[in-house]
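Examination of the molecular architecture
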Amino acid sequence: MRILAFISFLASLVSVFSCRHETKPQILLVGVYHNFPDSQQCNWKTTYDKVLRFHPDQIAVEYDLPGDTVSLKKYLGESYPQVWDSVMLSWIGKRIKPKDSVVHYQKMLSTDASIQNRLELWKYYHLQADMGNRDFQSYLIQSDWEQYAPLLDTTDRWQNTFYQRHTSIVKRRKNGEFFNLVFPLAKELNISYLYPTDYKGTYEEQSNAFEALAKSLENTKEWDDYMEAFKGFSQELDQKATECLGLEYTNTEPWLAKSDHVQAQILSDLKNPNFDAYVAVWYKRNQEIANRIQAAIQVSDAKRMAVFYGQMHIYPVRKYLEEMGYRVLLLEEL
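Right, let's walk through the structure included here.

What counts, and where the lines are drawn
Residues numbered from 1 in each chain as written. Predicted model: local features only at pLDDT ≥ 70, side-chain atom pairs only at ≥ 80, totals over all residues. Heavy atoms only, no water. Buried < 20%, exposed > 50% of the residue type's maximum accessible area, 1.4 Å probe, protein only. Helix = DSSP H or I, 4+ residues; strand = E, 2+ residues; numbered from the N terminus. Pairing = 2+ DSSP bridges. 1 Å grid on protein atoms, 1.4 Å probe; cavity = no way out; pocket = protein on both sides within 12 Å on 5 of 7 lines; lining within 4 Å. Points joined across faces, edges and corners; volume = space filled by probe spheres on them. Nonpolar A, V, L, I, M, F, W, Y, C, P; charged D, E, K, R; others polar.

What follows deals with the pairing of strand E3 (residues 195–198). Residues Tyr195 and Thr197 point to one face of E3 and Pro196 and Asp198 to the other, with burial holding for every one of them. In the sheet, strand E2 (residues 58–64) pairs with E3 via three bridges, with the strands oriented parallel. Looking at E3, one finds that Asp64 is bridged to Asp198.

Shown next as structure tokens:
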């Protein structure tokens, strides 16, 4: 009995020791500009190289989750469910579960990376309203456009619609973070799926809060100072971008503190309930984003997750992820 008790005691010690030394996945948060003009494309290169060295095994992005109807209505329009239903009937001829076809063509591409299979995967990502992964497929298709273009029959309803939407995506995204940073990294790292983690459910609430704040401070020195602070903030961003330091500069501790001050602290001394409400809804959105990043890590079993968001999100998202116990890295640490 004593031997059995001793063995049980040792087992419990091993269990405790293992739990204490269990390491959570690392998260690299990258704050981005959503667009650089042609003259400032130099800003992407250093960040690309740093993230590549971090070598993430999964990537999370600022796109809406398929199935998040509230957020998708903000992005695609209030009538998007009806529009998407009509598109499905036009392309497929009946109502289906697009997710099933997505899974099928993901598997097909893993063994047969044919042009037709990728076009089909694009189609079903679109019908599923997984816009981030649809756009990723557009990037991959555009990267090999000489092979795709001759095979497209634009007299066919589906292929003509694909061509119109694809060219629109390329035009809209060509100078942004996805076509110049996120998608190229995913391609280089052989990451085939990107985890959408954005949340737009607070858009209306945030807009109303800001409108109330503006009205309460109309024609005051405090409002003029507030607008001037944002103007100076934007000018500083623009200056760093012209020096090819946009992403390097804004992914540092001092800049993150400054961004949070301008976004959520600058008027706190006024004790204005409208400003407090605006700040609360801003943090509410970012806390939900952090929750979705955590869910993506758990679903994907990520060990090294790279997360790309507009730079103003980085301070609050980092705060919530660290409260969850994650080790969060910034670009300046790489």
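Let's shift gears to the layout of surface pockets. One way to see where empty space is left: roll a probe the size of a water molecule over the atoms. Looking at the largest pocket, its volume works out to about 540 Å³. Residue lining of the largest pocket: 26 residues in total, with His34, Glu62, Glu177, Gly310 and His313 positioned closest to the centre. Counting residues per element, the lining of the largest pocket draws most heavily on helix H12 (residues 221–242), which supplies four residues. A breakdown of the residues in the lining of the largest pocket according to their chemical character gives 12 nonpolar, six polar and eight charged. The calculated volume of the second largest pocket comes to roughly 350 Å³. Contributing to the lining of the second largest pocket are 16 residues, with Arg118, Phe136, Leu140, Ile191 and Ser192 lying nearest its centre. In terms of residue class, the lining of the second largest pocket is made up of seven nonpolar, six polar and three charged.

A few words on unusual backbone geometry. Located in the positive-phi region is His55, a residue other than glycine, with phi close to 55°. The topology assignment puts His55 in the loop between helix H2 (43–54) and E2. Even without being glycine, Lys271 reaches a positive phi, approximately 55°. On the accessibility criterion, Lys271 (66% relative accessible area) is exposed.

No statement about biological role is implied by the geometric values presented.
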